[in-house]
Amino acid sequence: KEGQNGAFDSKVFYIRNVVAPHMSPFVDVPEVILLEWSFLRELHSRTLASGKIPLARIKDWTVDDSKNETSNPTRKPTGMLVLDYRSTLLHYERTLVPSKKSLPPPRILTIEIKPKAGYLAMSPLVDPRHRIKYLQSRFVSLQILQQQGKWAKGWTAALDGNDNSDSNFQTSSYDPLDLFSSGNSSRIRRAVSQLLRVPQNNLKIWFQNEQVVGHDLHSSKSGTDIRRRKQDDDELCQRVLDAFFPGHHRSSVSSDSGDSNISSSSIRHPSQREVLETLLEEILVEVFLNGPAQELLAKLVEWQKLDVLDVDGVGGVYERVVNLCRGSHEEAQAILDDIKLEDLNMKSTPRQRTALPLFESSPFDSDHLDEESYRLLHVFCEETYDFQQCLIRSNPDLPDEAFMNAKRHKLVQMINQFSLPACQFVLRNWLLSLAMCDVSVFLTLQKLDDVDIVFDPDEVVVVSSEVVKLQHFAYRLRLIDCDQKPAKKLKGRTHKEIAFRFLKLDARKV
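Reading guide: rules and limits
- Residues numbered from 1 in each chain as written.
- Predicted model: local features only at pLDDT ≥ 70, side-chain atom pairs only at ≥ 80, totals over all residues.
- Heavy atoms only, no water.
- Phe/Tyr/Trp six-rings, centres within 6.5 Å; stacked < 30°, edge-to-face > 60°.
- Buried < 20%, exposed > 50% of the residue type's maximum accessible area, 1.4 Å probe, protein only.
- Lys NZ or Arg CZ within 6 Å of the ring centre and 35° of its normal.
- Helix = DSSP H or I, 4+ residues; strand = E, 2+ residues; numbered from the N terminus.
- Pairing = 2+ DSSP bridges.
- Axes fitted to C-alpha atoms, helices over the stretch in contact; angles between N-to-C directions.
- Contact = heavy atoms within 4.5 Å.

A. Region of interest: the packing of aromatic side chains. In this structure the tally under the stated criterion is 13 aromatic pairs. On the numbers, 6.4 Å between centres and 45° between planes, the contact of F244 with F245 is tilted. With relative accessibility at 0%, the residue F244 sits in the buried group. According to the relative accessible area criterion, F245 is buried, its value standing at 3%. Connected via pairs of aromatic rings, a cluster forms that spans F207, F244, F245 and F473. We note K133 situated over the ring of F500; from NZ or CZ to the ring centre the distance is 4.8 Å. The side chain of K150 reaches across the aromatic face of F502, ending 4.7 Å from its centre.

B. Up close: unusual backbone geometry. Between S24 and the following residue, P25, the backbone shows a cis peptide bond with an omega angle of 5°. Along the polypeptide, P25 turns up in the loop between α1 (7–23) and β1 (31–34). Cis geometry is adopted by the peptide bond preceding P396, which originates at N395 and carries an omega value of 10°. Within the fold, P396 resides in the loop between α13 (371–394) and α14 (401–415). Unusually for a residue other than glycine, K116 sits at a positive phi of about 70°. Summarising the element assignment, K116 is placed in the loop between β4 (108–113) and α4 (138–147). Overall, the relative accessible area of 15% leaves K116 in the buried class. For D481, which is not glycine, the phi torsion reads 60° and is therefore positive.

C. Region of interest: the sheet that holds strand β5 (residues 203–207). With respect to topology, six strands assemble into an open sheet ordered β6-β5-β4-β9-β12-β11, the strand pairing being antiparallel. This sheet does not close on itself; its edge strands, each paired only once, are β6 (210–213) and β11 (460–463). Each strand axis lies, on average, 30° off the axis of its neighbour in the sheet, ignoring direction. Strand direction decides the pairing type here: β4 and strand β9 (residues 440–447), joined by six bridges, are antiparallel. Across the sheet, the residue bridging to T110 is T444, located in β9. Strand contacts of helix α8 (residues 272–289): β4, β5, β6, β9, β11 and β12 (471–480), with the helix running at about 130° to β11, the strand carrying the most contacts.

Pasting the structure below:
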């Protein structure tokens with residue numbers, strides 16, 4: 001990025017002052033640094049040559065020659081310096097045992113998970129034709145729409161190296177509601193198992209900086225024949241098994257474990273990848289049942305639920321802002337994007353104590369609202385949370401249709417009375433919720449040896465089960481990609497939701 005006070009400064013401000021106070025200790029604030037144009041050109045060239053940039057992202061990897069060192073000799077490009085969690089060591093000490101001549105090298109496994117939205121829609125503003133949103137998670141619905149060719153994601157372009165990849169799309173049975181199930185061990189295991197089975201772009205795993213799991217695992221080897229690719233994959237998985245699970249041998253797996261008279265032809269040996277994924281599942285389940293991971297997921301879903309509008313309701317509030325800005329989208333977006341310290345909730349005692357989650361959990365200050373705007377917004381939220389309770393009581397069915405329609409009409413009318421600060425407050429919270437639904441969780445695992453002493457025992461997980469003998473792992477959890485979502489995402493956002501009309505209420509996932 002060009003300029004010393006540009007987009008990266010606002011990103012760092014947002015992460016430091018909006019996200020980090022709530023998400024501590026799971027967020028590392030990046031730094032803005034000055035770069036040289038020569039470095040930028042080399043980075044650009046090497047990155048494009050690597051073939052790792054999806055086609056949908058290529059447009060973002062362009063160099064504007066009008067902003068180079070020749071036309072602007074006094075200005076330097078800036079970059080955002082972030083930690084690479086695929087190679088960063090944990091905080092620990094290693095003690096040399098007299099009987100050992102040297103210390104074993106550290107063994108690091110890094111896992112990236114995109115948890116996605118861990119809540120169901122609760123807003124009365126959901127379009128009547130989209131009410132399946134009340135009954136199943138957005139991720140599950142989008143899987144069905146992608147399979148039907150009614151929805152497209154940018155990462156799918158990397159499946160074949162082109163945009164015509166519908167035939168290779170494999171539906172995932174992962175449901176974020178399982179991962180966010182407040183420590184329910186069977187549901188968390190199901191979530192982890194489905195992520196490993198069909199990673200898509202929601203799960204990636206690296207061993208010592210080499211990718212082991214992920215939808216783009218073989219994208220750089222598209223010309224390699226299948227037999228060679230299988231051989232390379234077996235060798236890679238075996239290296240991970242040797243490093244993390246030494247002495248673990250592949251066991252026999254029956255194709256029909258319920259039959260006591262198993263013939264030799266029905267017994268097969270699992271592949272190295274199957275063995276590895278079984279062991280990784282045990283580790284991930286233990287980590288996500290542990291205190292730090294549960295704390296992280298609770299913080300994450302708390303902010304995801306700042307969405308009191310749903311995508312279907314966002315358009316109406318955004319249009320209200322545009323109208324109050326005399327029809328200017330540019331002015332409306334600038335008002336929403338320009339966040340200052342005075343816009344944040346720094347007070348320990350708010351103007352009025354309330355049990356409404358939007359006011360209690362939001363990092364944005366509602367005290368700047370005038371009395372009438374505050375009252376109207378408070379009533380709007382009361383109506384929304386009352387509606388949510390009706391949804392919970394009616395589950396697995398929906399409340400009366402006439403009731404839902406009346407609630408929706410009432411809230412639409414209220415939006416038409418919102419002041420600019422009230423619109424600003426709910427839309428900033430919605431954009432924050434959107435960001436929290438799109439974050440990545442980085443889990444750095446390090447196998448512990450007898451010589452390792454870890455500073456923080458809360459970040460040690462002990463794995464012991466029928467398939468994994470007693471193992472100790474130090475781990476660290478961090479959030480990335482939690483920067484501010486720009487207000488330009490609001491323009492035309494509602495139109496894409498039309499695809500939800502293809503989902504029938506009686507065909508939902510059970």
